[in-house]
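Chains, contacts and geometry: an overview
Given next are the chains, with one letter for each unit.
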Amino acid sequence: MTTLSPHLRQATPVVAVRGEGVHLYGEDGRRYLDFTAGIGVTSTGHCHPRVVAAAQEQVGTLIHGQYTTVMHQPLRQLVDRLGEVLPTGLDSLFFMNSGSEAVEAALRLARQATGRPNVLVCHGGFHGRTVAAASMTTSGTRFRSGFSPLMSGVVVTPFPTTFRYGWDEETATRFALQELDYTLQTISSPDDTAAIIVEPVLGEGGYVPANQAFLEGLRERADRHGFLLILDEVQTGVGRTGRFWGHDHFGVTPDILVTAKGLASGFPLSGIAASEELMQKAWPGSQGGTYGANAVACAAACATLDVVRDEKLVENAEAMGARLRAGLETVAANTPGIGDVRGLGLMLGTEFVTADGQPDSATAARVQRAAVDEGLLLLLCGAWNQVVRMIPALVVDETAIDDGLRAWSAAVATGTSAP
């Protein structure tokens, strides 16, 4: 008898048989409020009718038109639709299947365009599990251990994680930028540095937002030294943070933008965007792939972007995110074991700490498991898995938010009272 790898352990015991909106239905017949969204993927909710219809229609006409062999209409339409929401100047696109692939494509473009070998990454960032992407990931050793040697040329610099440092935002930001300057002076010369890559909100690193001064500092140094700024918007893009792109909160435009997850409501699709001038510097043959820009995935992405626009899901993410955060902060105020509530829009994390302020992964795990009993599905993140994260679909409404908060309050009470 064949089985799944024993390391593919599910975060919850639910066997899902159907999804609708912000709910999943288990084979036991129970309905669960899904605040995981497939790790931020089902942006328009499970099985949104317009996304389903677009995919069904496309399956009946053309499933796969390999995009370095032939062109197909869903890809043309997706390029046009993304042109309406991408930052000005990022007018050239390359599509793949996963976030890891897109990150590696961005790295390859940066190295080829600049002729420089090194890439700077921020401590706590997650960029994927493939070799190059894992080499750039510092959110936890579980993503990068056991298959060394990793890719060379990766240099780590601090991220302004205020809660971990115990500093205010200004102090943490000043420290992070000073250390970046020191790194450029002592480890990776600007002449050897192709790019710096950063998430607008650390994902697996604990749902820690960047800030305007920090990203402005990165932009200024990239411009001064001639390296590129890559923003990994795999998890923060397509409305997740209450703006279409996470960096829209901070007024800083990248040289390369990486997107995936919420772009196609569950179909595998990722991409990078850059200026045409920059994209032309990629070496011939360096961009391609068998399944990239699959016709069904592109059709689903077009429908996703239409739904996000027509149903005002970016605005909804901002409003519902504020409602959810207020409820999380109320629970935190009455729970000594909660050290911090943070995030942007519908990307929120609650960090659990011990009495002496250390990461408390055991309590976070108990709370997450207790939430399942309350009918609420959640995930963990953070270096010690001490953060419980909430990432409901962007279609979530007030009723679902309030239901989730009631379940959360009960789960916290159970998880923090257990021995």
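Residues numbered from 1 in each chain as written. Predicted model: local features only at pLDDT ≥ 70, side-chain atom pairs only at ≥ 80, totals over all residues. Heavy atoms only, no water.

Focus: the overall build of the protein
The secondary structure content of the protein amounts to 13 helices and 17 strands. Whereas a compact globule of 419 residues would reach a radius of gyration of roughly 22 Å, the protein reaches 21 Å, a difference of no more than 12%. Each principal axis of the C-alpha distribution contributes one length, and for the protein these read about 55 × 55 × 50 Å. When the 419 residues of the protein are sorted by exposure, 56% land in the buried category. Expressed as a percentage of contacts within the protein between residues at least 6 apart in sequence, the contacts between residues at least 24 apart total 72%. As displayed, the protein has an accessible area near 17,800 Å², and 51% of this comes from carbon and sulfur atoms. Treating the 31 positive side-chain charges of the protein as one cloud and the 44 negative ones as another, the clouds have centres 3 Å apart. (Helix = DSSP H or I, 4+ residues; strand = E, 2+ residues; numbered from the N terminus. Rg over C-alpha atoms; globule rule 2.2 N^0.38 Å. Buried < 20%, exposed > 50% of the residue type's maximum accessible area, 1.4 Å probe, protein only. Contact = heavy atoms within 4.5 Å. Areas by Shrake-Rupley, 256 points an atom, 1.4 Å probe, with all protein chains shown as cover. Lys, Arg positive; Asp, Glu negative; His and termini not counted. Charge placed at Lys NZ, Arg CZ, Asp CG, Glu CD.)

Details of the packing of helix α3 (residues 73-83) against helix α10 (residues 295-310)
As a packed pair, α3 and α10 sit with axes 8 Å apart at the nearest point and diverge in direction by 30°. Here the hand of the crossing between α3 and α10 comes out left-handed. Judged by residue contacts, P74, L75, Q77, L78, R81 and L82 of α3 engage A295, C298, A299, A301, C302, L305, D306 and R309 from α10. Of the residues contributing to the contact of α3 with α10, the split by class is ten nonpolar, one polar and three charged. (Axes fitted to C-alpha atoms, helices over the stretch in contact; angles between N-to-C directions. Left-handed = near helix turned anticlockwise from the far one by under 90°. Nonpolar A, V, L, I, M, F, W, Y, C, P; charged D, E, K, R; others polar.)

So, unusual backbone geometry
Both trends apply: most residues other than glycine have a negative phi, and most peptide bonds are in trans. Of note, the amide linkage connecting S148 to P149 takes the cis form, showing an omega dihedral of 5°. As for its position among the elements, P149 is in the loop between α5 (131-135) and β6 (154-157). A positive phi angle is found at I39, which is not glycine, with a value near 60°. Here I39 shows up in helix α1 (residues 37-40). By relative accessible area, I39 is classed as partly exposed at 34%. For A293, which is not a glycine, the phi torsion comes out positive at approximately 60°. Assessed through its relative accessible area of 1%, A293 is described here as buried.

Quick word on the pairing of strand β5 (residues 118-122)
Where burial is concerned, most of β5 is hidden: five out of the five residues are buried. Alternating residues of β5 divide into N118, L120 and C122 and V119 and V121, and every residue in both groups is buried. In this structure, β5 lies alongside strand β7 (residues 193-198), joined through four bridges in parallel fashion. Bridge pairing in β7 places N118 opposite T193. (Pairing = 2+ DSSP bridges.)

Remarks on the environment of H225
Positionally, H225 belongs in helix α8 (residues 212-225). Separated by 31 residues in the primary sequence, H225 and A194 place their C-alpha atoms 9.7 Å from one another. The contact partners of H225, leaving out residues within four places of it in the chain, are R116, L184 and P190.

Here's the deal with the pattern of salt bridges
Counted by the stated rule, this structure contains 20 salt bridges. R323 is paired through a salt bridge with E398; the nearest N and O atoms lie 3.7 Å apart. With R323 in helix α11 (residues 313-333) and E398 in helix α13 (residues 398-417), this pair connects stretches of sequence that are 75 residues apart. (Salt bridge = Lys/Arg side-chain N within 4 Å of Asp/Glu carboxyl O.)

Thoughts on the sheet that holds strand β14 (residues 347-352)
What the four strands build is an open sheet, ordered β13-β14-β17-β16; its pairing is antiparallel. Here the strands that pair on one side only, and so sit at the sheet edges, are β13 (338-344) and β16 (379-381). Taken over all neighbouring pairs, the strand axes of this sheet differ in orientation by 30° on average, direction set aside. Across four bridges, the pairing between β14 and strand β17 (residues 387-390) is antiparallel. The partner of G349 across the bridge, within β17, is R389. Strands β13, β14 and β17 of the sheet are contacted by α11, whose axis makes an angle of about 175° with β13. In the packing of α13 onto the sheet, contacts are made with β13, β14 and β17, and the angle to β14 comes to roughly 20°.

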